[in-house]
Amino acid sequence: AEVQVGSTRDIEAAPDAMSVPTSAISLLSCAHGRQRREERHIERRDLQAAVKHGSRQLAREHAGKHRWKLEHDGVVYITDHTLRREITSYRVAAPMIMRPVELTPFAKFECEAAKLTAQREPASWTSHTVLVVDSSGSMKATDVPDAYSRADAVWTALVLDFVGDQLERGRARPTDIVTVLEMGEGATTLCMHEPLTWSLLNDMLSFAATRQPRSHGNYMPALAEAERLLMATSGSQCALGLLFLSDGKPSDRVPPGPGSLTDRHVAMVRERVASLASQLGRRLTISAVGFGPPEEDFAVLRAMAEEGENYGAISKFTQVGLSTAGLGHAFSTLSRSLTATRTELTAIGSMRQRDVRSVLREAKSSLSDGAALVMSDWDVYTHTWKACYRLPDDSGGATDLVITEPFAGSRARAVIVHNKIFGEGAERMVHRFHELDANGLPVGPPLVAKETRFVHTFNSEEHIEYHYTFVRTQMKAARIAHEFNERVTEIGINRVPRIEFLEPRIYVVDDPILGNYGMLVEKRLDPLRYVKWNSNAGFVHGQGQDGGEHAGVYSDVPSAGQDDAELGVIVESDEEACSDSEGSELSGLTRGIASISIANIPPEWVPQTFTHFSYESTRGRMMVCDLQGVLTPAARAGQPPTFELTDPVIHYASSTGRRCVYGRTDRGSAGMVSFFSTHKCNSLCVMLGLRPRGQQGAPPGGRASLGGEARVAGGNGRKHTPVRMPALHCG
């Protein structure tokens with residue numbers, strides 16, 4: 001039912017409105033119009049002012065009848081053809097976030113030069129981020145505290161927390177490229193291939209002031225355009241980012257089929273994201289942001305992030321509610337993730353970007369130990385399988401590899417490697433791997449083969465030495481873990497999980513293209529149970545930094561400014577080698593409090609305590625971190641569960657200033673400081689007698705002393721000895 005609002009004076013024509021007070025203008029209101037005004041905090045007088053002072057133009061016809069669109073002071077008022085009957089109203093002009101940055105002539109020249117370079121030299125890009133921003137009609141809602149509307153809140157956060165923050169902190173480079181897409185009925189490009197400069201910030205301010213939400217929000221056109229833009233990015237050395245923000249469910253039409261409408265939307269989005277992430281993997285960061293009230297259904301956005309992660313992208317769904325702070329955190333987290341990826345792709349000691357190998361990826365969810373092997377998906381090495389190497393059990397500081405049996409022993413007659421990868425780290429890619437018996441059937445445990453992630457021109461010996469770096473690191477971590485387990489057993493904590501690192505071996509095959517080709521092989525862990533408990537830069541599982549759950553974007557960040565170390569053997573002399581008995585120094589520390597209940601020690605504390613233990617047991621010389629793998633239940637009653645870990649990082653505090661002693665991710669003393677900046681000593685640390693956080697920390701350029709100089713093996717200053725391998729022979 002319609003009711004009359006305001007004065008009974010009849011205003012028949014627009015010019016007459018100028019001759020009466022604003023409050024005397026008559027409006028006829030309906031229930032829909034009143035509801036919209038209440039939702040958008042528009043007062044009756046705002047509409048009366050629009051009739052009297054606003055600009056007027058014909059709006060779209062409805063049911064064959066003309067309508068008017070009146071606009072005044074940021075309020076749009078839609079009426080019928082008489083200018084008296086209210087249909088709806090909304091706000092369009094948000095207050096200016098900030099004034100555009102005034103650029104000096106030289107700054108303008110730099111911005112224009114960056115644009116020209118970006119257009120002419122796309123191979124120079126270090127990152128390309130596509131920002132997809134919802135522009136559907138619901139983004140007009142004025143239900144966000146401290147913001148004019150939902151759209152205003154989003155643009156404000158993008159300007160301040162994505163663009164502005166990177167510029168002010170000096171993280172942005174003119175080779176970091178941004179494309180902005182507006183998601184409505186289709187996908188509208190607001191800016192394409194713009195360098196991340198102050199000029200882009202001014203452009204974003206302009207979008208915030210002029211773009212008006214309207215109509216529907218269709219996911220698929222925007223997602224398809226984002227995929228096209230990302231896949232068209234030149235070269236494989238560029239970090240890629242996709243921000244997809246929406247305040248609700250998609251409006252896309254979907255063909256009829258089984259399942260609910262949401263199920264069919266989810267299937268469409270998963271298919272599109274799988275196509276993108278299977279080609280880009282870890283080089284791609286996906287941030288799916290749900291910006292709406294708690295009851296809003298974001299199942300499709302959640303599925304988008306899950307599918308990206310399923311194919312190895314750094315992918316996360318974040319529901320921020322209607323919080324501007326939550327938006328800012330999501331956007332700044334995305335920028336940090338892109339910075340971390342860009343750093344991964346940069347050669348140490350230079351600005352040169354490293355090219356990622358072009359491979360396809362398997363979905364982690366498709367892996368099953370019982371599935372039949374489709375041999376067309378595998379590379380088979382039978383008579384071309386050459387040898388298998390490992391470090392001897394008592395290697396200590398030795399550098400020699402020894403020939404050993406394969407994991408399945410004498411039953412193994414051939415090996416096969418899947419031609420797609422299912423895992424990807426900062427330095428390596430992971431394939432499924434099996435040993436075959438004489439009948440061509442899988443034998444032994446499921447395995448993985450790890451290869452370099454980047455394009456290199458290795459000869460066969462250099463390739464094997466590249467793998468040796470990781471073997472050496474992992475076996476050193478295993479020896480420290482063995483001592484940790486002995487300490488835990490010694491103080492009678494039988495139910496606390498133990499730490500084990502997988503034994504890696506180097507398999508050499510005679511590839512028809514690559515020649516003698518080495519692969520790092522070890523037991524396959526369940527990828528669906530795989531967890532990273534801490535990183536080499538301070539991240540702690542379940543305890544994040546900068547607000548917690550997003551802190552994992554810092555994992556595997558190499559040390560900035562390190563020398564351009566070769567990817568070969570670990571460079572270590574006896575002067576800086578720690579003996580296997582180095583941990584005995586811990587016996588001089590105060591023992592833990594025996595009365596602490598072990599029932600209150602959750603499993604996730606154990607990896608953090610082990611990292612702390614590795615520092616003290618080596619007297620501040622080393623720290624084992626970047627702990628990742630699976631927690632395996634006890635095999636028999638009465639035994640503790642076991643953390644089966646792989647790919648650790650060792651930070652080495654060199655007394656002579658050398659860097660990257662244990663590979664590219666060794667951050668030395670800086671990595672140790674990062675760990676202790678977030679580590680919270682727990683009761684297990686106390687029980688093991690580890691010094692509380694704050695009483696240790698490696699000073700720059702050297703180790704921290706915990707009661708005397710650390711022992712070194714030998715001490716005669718012997719120079720680096722390269723890896724020695726027995727002569728290859730056919731097996």
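Residues numbered from 1 in each chain as written. Predicted model: local features only at pLDDT ≥ 70, side-chain atom pairs only at ≥ 80, totals over all residues. Heavy atoms only, no water.

S.K.: Quick rundown of the sheet that holds strand β12 (residues 314–321)? Include the residues and the values.
M.R.: Spatial strand order, β9-β8-β7-β10-β11-β12: six strands in an open sheet with mixed pairing. Because the sheet does not close on itself, it has two edges, and the strands there are β9 (187–195) and β12. The mean angle between the axes of side-by-side strands here comes to 15°, regardless of whether they run parallel or antiparallel. The pairing of strand β8 (residues 176–183) with β9 spans six bridges and is classified as antiparallel. The partner of Val180 across the bridge, within β9, is Cys191. Here helix α8 (residues 299–310) sits on the sheet and contacts β10 (239–246), β11 (284–291) and β12; the angle it forms with β12, its principal contact strand, is near 160°. (Pairing = 2+ DSSP bridges. Helix = DSSP H or I, 4+ residues; strand = E, 2+ residues; numbered from the N terminus. Axes fitted to C-alpha atoms, helices over the stretch in contact; angles between N-to-C directions. Contact = heavy atoms within 4.5 Å.)

S.K.: Quick one: what's the story with the sheet that holds strand β25 (residues 642–646), residue by residue and with numbers?
M.R.: Read from one edge of the open sheet, four strands run β19-β25-β24-β22, paired in mixed fashion. The open sheet has two edge strands, β19 (498–501) and β22 (531–532), and neither has a second partner. Here four bridges tie β19 to β25, and the two strands are oriented parallel to one another. Bridging across to β25, Glu500 finds its partner in Glu644.

S.K.: Tell me about the packing of helix α4 (residues 150–169) against helix α9 (residues 324–344), and name the residues and values.
M.R.: At a minimum axis separation of 9 Å, α4 and α9 run at an interaxial angle of 35°. Viewed along their axes, α4 and α9 form a crossing whose handedness is right-handed. Packed against α4, whose contacting residues are Ala153, Val154, Ala157, Leu158, Asp161, Phe162 and Gln166, the element α9 presents Thr324, Leu327, Gly328, Phe331, Ser332, Leu334, Ser335 and Leu338 at the interface. Residues belonging to the contact of α4 with α9 are distributed by class as follows: nine nonpolar, five polar and one charged. (Left-handed = near helix turned anticlockwise from the far one by under 90°. Nonpolar A, V, L, I, M, F, W, Y, C, P; charged D, E, K, R; others polar.)

S.K.: For unusual backbone geometry, give the residues involved together with the corresponding values.
M.R.: You will see that His193, though not glycine, has its phi angle at about 55°, which is positive. Position of His193 relative to the elements: it lies in strand β9. One non-glycine residue, Arg619, lies in the positive phi region at around 60°. Note on Arg619: relative accessible area 7%, which makes it buried. (Buried < 20%, exposed > 50% of the residue type's maximum accessible area, 1.4 Å probe, protein only.)

S.K.: Can you break down α4 residue by residue, with the values?
M.R.: In a regular helix each residue adds 1.5 Å, so 20 residues correspond to 28 Å; α4 covers 27 Å between its end C-alpha atoms and thus fits that length. Along α4, the largest kink reaches about 35° and is centred on Val163. Among the 20 residues of α4, 15 are classified as buried, and the element is accordingly described as predominantly covered. One or two positions beyond α4, positive phi appears at Gly170, with a value near 75°. (Expected span 1.5 Å × (residues − 1). Bend = angle between axes of the 7 residues up to and from the residue.)

S.K.: Requested: an account of helix α12 (residues 668–678), with residues and values cited.
M.R.: Most of α12 is tucked away, with eight of its eleven residues classed as buried. Every buried residue of α12 is accounted for by Gly668, Ser669, Gly671, Met672, Ser674, Phe675, Phe676 and Thr678. Elements that come into contact with the buried residues of α12 comprise α11 (605–617), β23 (622–625) and β26 (649–652).

S.K.: Can you tell me about the confidence of the model for the protein chain, naming the residues and giving the values?
M.R.: The pLDDT averaged across the protein chain works out to 80; a share of 78% of its residues lies at or above 70. Between residues 1–15, whose pLDDT stays under 50, and residues either more than four places distant or in other chains, the model counts 41 contacts. Below a pLDDT of 50 lies the segment residues 695–731, which in the model reaches 91 contacts outside its immediate sequence neighbourhood of four places, other chains included. (pLDDT = per-residue confidence, 0-100.)

S.K.: Outline the pairing of β10, listing residues and values.
M.R.: Taken across its eight residues, β10 has eight buried, putting it largely inside the fold. Across the two faces of β10 the burial is the same, with Ala239, Gly241, Leu243 and Leu245 and Leu240, Leu242, Phe244 and Ser246 all buried. When strand β7 (residues 127–134) meets β10, the two strands line up parallel, connected through seven bridges. Bridging from a neighbouring strand, Ser127 pairs with Ala239 of β10. Note: β10 against β11, seven bridges, orientation parallel. Counted as the bridge partner of Gly241 is Thr285 from β11. Regarding topology, helix α7 (residues 261–280) serves as the crossover connection from β10 to the parallel β11, and that connection is right-handed. (Right-handed = clockwise from strand over helix to strand, strands pointing away.)

S.K.: Give me the pattern of salt bridges: which residues, what numbers.
M.R.: Close approach of charged atoms allows side chains of opposite charge to pair. All chains considered together, the criterion is met by 28 salt bridges. The salt bridge partner of Glu427 is Arg354, with a shortest N-O separation of 3.1 Å. Separated by 73 residues along the polypeptide, Glu427 in the loop between β16 (414–424) and β17 (428–436) and Arg354 in the loop between α9 and β13 (378–381) bring together distant segments of the chain. The pair formed by Glu427 and Arg354 is uniform in burial state, with each residue classed as buried. When the shortest N-O distance is used, the salt bridge between Arg664 and Glu427 registers 3.4 Å. Of the two residues, Arg664 is situated in the loop between β26 and α12 and Glu427 in the loop between β16 and β17; the sequence distance between them amounts to 237 residues. The exposure class of Arg664 is buried, given its relative accessible area of 10%. It is possible to trace a salt-bridge network through shared partners that takes in Arg282, Glu344, Arg361, Glu424 and Arg453. (Salt bridge = Lys/Arg side-chain N within 4 Å of Asp/Glu carboxyl O.)

S.K.: Which residues make up the packing of aromatic side chains, and what values go with them?
M.R.: Under the criterion given, the structure shown has 13 aromatic pairs. Arranged with centres 5.4 Å apart and planes meeting at 80°, the rings of Phe484 and Phe610 form a pair that is edge-to-face. Residue Phe484 is located in helix α10 (residues 460–490), and its partner Phe610 is located in helix α11; the two are separated by 126 residues in the primary sequence. Of the two residues, Phe484 and Phe610, neither departs from the other in class, the shared state being buried. By way of ring pairs, the aromatic residues Phe484, Phe501, Phe610 and Phe613 are connected into one cluster. Its guanidinium or amino end placed over the ring of Phe470, Arg428 lies 3.8 Å from that ring's centre, counting from NZ or CZ. The ring of Phe407 has Arg505 sitting right over it, with the charged end atom 4.3 Å from the ring centre. (Phe/Tyr/Trp six-rings, centres within 6.5 Å; stacked < 30°, edge-to-face > 60°. Lys NZ or Arg CZ within 6 Å of the ring centre and 35° of its normal.)

S.K.: I'd like to hear about the nonpolar core, residue by residue, with values.
M.R.: Within the largest apolar cluster, 38 residues are counted, with the highest numbers of intra-cluster contacts made by Val132, Phe244 and Met304. Of all the elements in the fold, those that place two or more residues in this core are β7, β8, α6 (219–231), β10, α7, β11 and α8. When neighbours within four sequence positions are excluded, Val132 is seen to be in contact with Leu181, Met183, Ala222, Ala226, Leu242, Leu243, Phe244 and Leu245. Counting residues in hydrophobic clusters, the runner-up holds 36 residues, among them Val133, Leu158, Phe207 and Leu243. (Core = buried A, V, L, I, M, F, W, Y, C linked by side-chain atoms within 4.5 Å.)

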